Structure formats: structure tokens, C-alpha cells
Amino acid sequence: MSRDRVLTVLATLAGAGLALLATSQTWVTQRVGGMPGVTGVSAAGGQAAPPVAPLAIVAGAGAVALIIAGRRATRLSGIVLVLAGAGIIACVVSVVVDPRAAAAAAVPAATGRAGPLPDPAVASPWVWAALLAGLLVLAGGALAAVRASTWAVPGRRFEQPAGAGSAPGAAGAAPRRNADDPDHPVDDPVAAWDALSRGDDPTA
């Protein structure tokens, strides 16, 4: 594989892996006041932004496809990766814009109440790690979609050209000659027709 193809695959895989790792970490913490026994709520990435994990899996599959895909499939995989990266970024932005809403999924388990709490919430650094992951996936997909036509098809260099499987010298081997008519090979249909026209039996 070409160097830029390898770098694209590695960057995309790194982004997918980072996004998956981030979903298992705390994304939002929220202090809770006026509720006995509960001081705060923490929401993991899988709770704050549920689509991120599936999108990361799609990104990982798309990165693997870049290794073995032909030009058209590579371009299609690149488009899928762009969409997956954009989806991850959109989820991260939604958490940053409204962390209290993102923490709402963890509220029932911690407090027994449903819905977002009025207390302030803060996004953790793992949100920014997920943003970086989305950017890596998006950039890798964009590069794959743009550069697909210039990347060599995997396995093409191992294919033999037509006729390469013939024995050495077979292409230039002289056809078998007719002992009675050395100017025409026995297997030549034109020579056989001429022989018939002369009244000769070419099969004799």
C-alpha cells in the first residue's frame, strides 16, 4: 500500500478506537443540591451521547475496508467515514452546548427522578478527546474519498497478465506443419478450406 493510504488507515483506526474508549469514560459531571444523599451525577459517554459508540464501530469497519477495497469501494468507504466522523463531532458539540441535557440520562439512576436537573453541569476532557476522534475519522474519510482514484488496487500487482500462465515460449511456438503442404499449418482452417477446394482431403 502507498504511504498516504497506510497513514489514512492508521489515523482512522486511531480515531475509531479513541472514540470507543471515550464513550466508556465520564463526559459530564453535575452537582446536585437540595437532595439528601446525592451530591452529584456523572454521565459516561455512552449515556451522554449514545450514537458515538455505534459510529465508532462503523468507522473502524470503514478503516479496515480501506485496506482491501478497490477504488470505487474505497471512495464509498471514505464517504461513510466522513459521515461517521461528522456524526461523532455533532454528538460532541451537543454535549458541549448543553451538558445538563447530556447528564439527564444518568439522573434517574442517581436520584430516582427523571429529566435534567437545574444544577450546573460541566463537560470533562474526554469530550474533547471524542472531538479529536471525530476529526480524525472525518479527515481520514475525506482523504480516502479524494485520493481513491490514485491509490493502487490491493492485490493488482500480484495478478498475472493475460497469457502469462502459458509455458515459456508457448506464445511464439510455431504451429504444427502439414507434411504435404508445408506452407499451411494443419490446424489452419483457411489451409484446410484451400485443400478442399483443390480436391485434397486435409484429414488424410
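Refer to the structure presented above.
Definitions and cut-offs
- Residues numbered from 1 in each chain as written.
- Predicted model: local features only at pLDDT ≥ 70, side-chain atom pairs only at ≥ 80, totals over all residues.
- Heavy atoms only, no water.
- Pairing = 2+ DSSP bridges.
- Helix = DSSP H or I, 4+ residues; strand = E, 2+ residues; numbered from the N terminus.
- Axes fitted to C-alpha atoms, helices over the stretch in contact; angles between N-to-C directions.
- Parallel < 35°, antiparallel > 145°, perpendicular 65-115°, else oblique.
- Left-handed = near helix turned anticlockwise from the far one by under 90°.
- Contact = heavy atoms within 4.5 Å.
- Nonpolar A, V, L, I, M, F, W, Y, C, P; charged D, E, K, R; others polar.
- Expected span 1.5 Å × (residues − 1).
- Buried < 20%, exposed > 50% of the residue type's maximum accessible area, 1.4 Å probe, protein only.
- Patch = residues over 30% accessible without salt bridge, like charges linked within 9 Å, V, L, I, M, F, W, Y side chains within 5 Å.
- Areas by Shrake-Rupley, 256 points an atom, 1.4 Å probe, with all protein chains shown as cover.
- Salt bridge = Lys/Arg side-chain N within 4 Å of Asp/Glu carboxyl O.
- Core = buried A, V, L, I, M, F, W, Y, C linked by side-chain atoms within 4.5 Å.

A. Examining the pairing of strand E1 (residues 26–31) more closely. Examined bridge by bridge, E1 and strand E2 (residues 40–44) share 5 bridges and lie antiparallel to one another. Paired with Gln-30 across the bridge in E2 is Val-41. Here E1 runs beside strand E3 (residues 121–123); their pairing, made up of 3 bridges, is antiparallel. What sits directly across from Val-28, in E3, is Ala-123.

B. Structural detail: the sheet that holds E3. If you walk across this open sheet you meet the 3 strands as E2-E1-E3, and the pairing is antiparallel. Edge strands, defined here as strands with exactly one partner in the open sheet, are E2 and E3. Each neighbouring strand pair of the sheet contributes to a mean axis angle of 20°, computed without reference to strand direction.

C. Structural view of the packing of helix H3 (residues 52–68) against helix H4 (residues 71–97). Orientation of H3 relative to H4, taken along the N-to-C sense of each, is 155°, at an axis distance of 9 Å. Viewed along their axes, H3 and H4 adopt a mutual orientation that is roughly antiparallel. The two elements H3 and H4 cross, and the hand of that crossing is left-handed. Touching Val-52, Leu-55, Ala-56, Val-58, Ala-59, Gly-62, Ala-63, Ala-65 and Leu-66 of H3 are Thr-74, Ser-77, Val-80, Leu-81, Ala-84, Gly-87, Ile-88 and Cys-91, all from H4. Here the contact of H3 with H4 is built from residues that sort into 13 nonpolar, 4 polar and no charged.

D. Focus on H4. Here H4 spans 39 Å end to end across 27 residues, near enough to the 39 Å set by a 1.5 Å rise per residue. Considered for burial, the residues of H4 that qualify are Thr-74, Ser-77, Gly-78, Leu-81, Ala-84, Gly-85, Gly-87, Ile-88, Ile-89, Cys-91, Val-92 and Val-95. Contacts from the buried residues of H4 go to helix H1 (3–23), E1, helix H2 (45–48), H3, helix H5 (99–103) and helix H7 (125–147).

E. How the structure looks around a nonpolar patch on the surface. On the surface, a cluster of nonpolar side chains totalling about 340 Å² of accessible area is made up of Leu-13, Val-64, Ile-67 and Ile-68. Looking at the nonpolar patch, the element that brings in the most residues is H3, giving 3 residues. Within the fold, Val-64 resides in helix H3.

F. Here's a closer look at the nonpolar core. One finds Trp-27, Val-28, Ala-48, Val-52 and Val-95 to be the most contacted residues of the largest nonpolar core, which totals 23 residues. With 4 residues, H4 is the single largest residue contributor to this core. Those residues within four positions of Val-28 in sequence are excluded, and the remaining contacts are Val-41, Ser-42, Ala-43, Ala-48, Val-95, Pro-99, Ala-102, Ala-103, Ala-121, Val-122 and Ala-123. Counting 9 residues, the second largest nonpolar core, distinct from the first, contains Val-9, Ala-16, Ala-59 and Leu-81.

G. Quick peek at the packing of H4 against H7. With their axes 7 Å apart at the nearest point, H4 and H7 run at an angle of 160° to one another. In terms of their interaxial angle, H4 and H7 are classed as roughly antiparallel. Considering how the two elements wind past one another, H4 and H7 form a crossing that is left-handed.

Nothing here speaks to function; it is all geometry.
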